[in-house]
Amino acid sequence: SNHPLAQAVVRAAKDKQLWMPQTGGLENVPGHGVISSIDGEKVRIGSLKLFANLNDLKPDEALIRQVDALEKTGRSTMVVSKGSRFIGILGLADTARPNVPQIMISLHEMGIEHLVMLAGDNDDVARNIASQVGLTEVEAELLPEDKLKIIKQLESKYKATAMIGDGVNDAPALAAAAVGIAMGGAGTAVALETADVALMGDDLGKLLFAVGLSRASRQIIQQNLTISLGVIVLLIVTSVLGTHLTQSISLTPTPLAALA
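The rules behind the values
- Residues numbered from 1 in each chain as written.
- Predicted model: local features only at pLDDT ≥ 70, side-chain atom pairs only at ≥ 80, totals over all residues.
- Heavy atoms only, no water.
- Patch = residues over 30% accessible without salt bridge, like charges linked within 9 Å, V, L, I, M, F, W, Y side chains within 5 Å.
- Areas by Shrake-Rupley, 256 points an atom, 1.4 Å probe, with all protein chains shown as cover.
- Salt bridge = Lys/Arg side-chain N within 4 Å of Asp/Glu carboxyl O.
- Helix = DSSP H or I, 4+ residues; strand = E, 2+ residues; numbered from the N terminus.
- Buried < 20%, exposed > 50% of the residue type's maximum accessible area, 1.4 Å probe, protein only.
- Contact = heavy atoms within 4.5 Å.

Draft legend 1. Molecular detail of a nonpolar patch on the surface. Among the surface-exposed residues, Ile221, Leu225, Leu229, Ile232, Val233, Ile236, Val237, Val240 and Leu241 lie close enough to one another that they form a single nonpolar patch of about 880 Å² accessible area. Mapped onto the fold, Ile221 is located in helix H8 (residues 206-241).

Quick look at the structure:
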């Protein structure tokens, strides 16, 4: 899986030089986890929600308590099962990239006042990261359809909404936002295809450049339209009044008129 949590687990396994067996096909369960197989036995890795509707595999109280204890320490958890038994819990700690707090400040200074984090992680993890980067509004434990619903609510409340994401779970929200922005380096193919803008790399600082570039482009377009319409209005006025300016323009050689 190209999910950031999955890649972190694989990197850790390689660092520990653990043996990784061949697996069957990978089924992605959006917002819940993944399902595959090893040696003919089904393997499930995901949140407790992944196991909520299973009749043959129910988390017991001890496992739920262990998951809860890890999440209260700010970790994202993934329960692992093989066949008809649970075999472990993975706890991953998210860390904010060092330049993100300054990027949030810069976005505020550029006039983008309302910044919201939409996360599929548990509430404790999301709020822990949000506090590190300077965000005060957090929506956590969201499924793809929940993110889509929130984007539509924001679209009805504000002039325009931009959504930044990189995963399959972000695709519906990216499509619904006025501007969908995908992180090009870590982004999934679905996110990149759905978004209007792709930042080339995993550096969120490129967002500041993208906003600045779009505003500069808009100013140039407005400037060009103003000049073009101004010339047209001038020609119309002089034509109606029949002034000497109109006569001189009509006598101007075609190449010079085109250049003007």
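Draft legend 2. Spotlight on the pattern of salt bridges. Throughout the structure, instances matching the rule amount to 5 salt bridges. When the shortest N-O distance is used, the salt bridge between Glu41 and Lys82 registers 4.0 Å. With Glu41 in strand S3 (residues 41-46) and Lys82 in strand S4 (residues 75-82), this residue pair connects regions lying 41 residues apart in the sequence. Among the residues examined, Lys82 registers a relative accessible area of 17% and is labelled buried. With its nearest N and O atoms 3.3 Å apart, the salt bridge here joins Asp68 to Lys72. Here Asp68 pairs with Lys72, and both are found in helix H2 (residues 61-72), just 4 residues apart, close to one helical turn. Under the relative-accessibility criterion, Lys72 is labelled exposed at 59%.

Draft legend 3. Seen up close, unusual backbone geometry. The phi angle at Gln17 is positive, at roughly 55 degrees, despite the residue not being glycine. Take Gln17: it is sitting in the loop between helix H1 (4-15) and strand S1 (27-29). Its identity is not glycine, yet Asp39 carries a phi of approximately 55 degrees, on the positive side. Here Asp39 is to be found in the loop between strand S2 (33-38) and S3. Accessibility expressed as a relative area gives 68% for Asp39, which makes it exposed.

Draft legend 4. Representation of the environment of Gly33 in the model. Secondary-structure assignment places Gly33 in strand S2. What makes Gly33 buried here is its relative accessible area of 15%. Note: C-alpha distance between Gly33 and Ile45 (12 residues apart in sequence) is 5.7 Å. Aside from chain neighbours lying at most four places away, what touches Gly33 is Glu27, Asn28, Ile45, Gly46 and Leu50.

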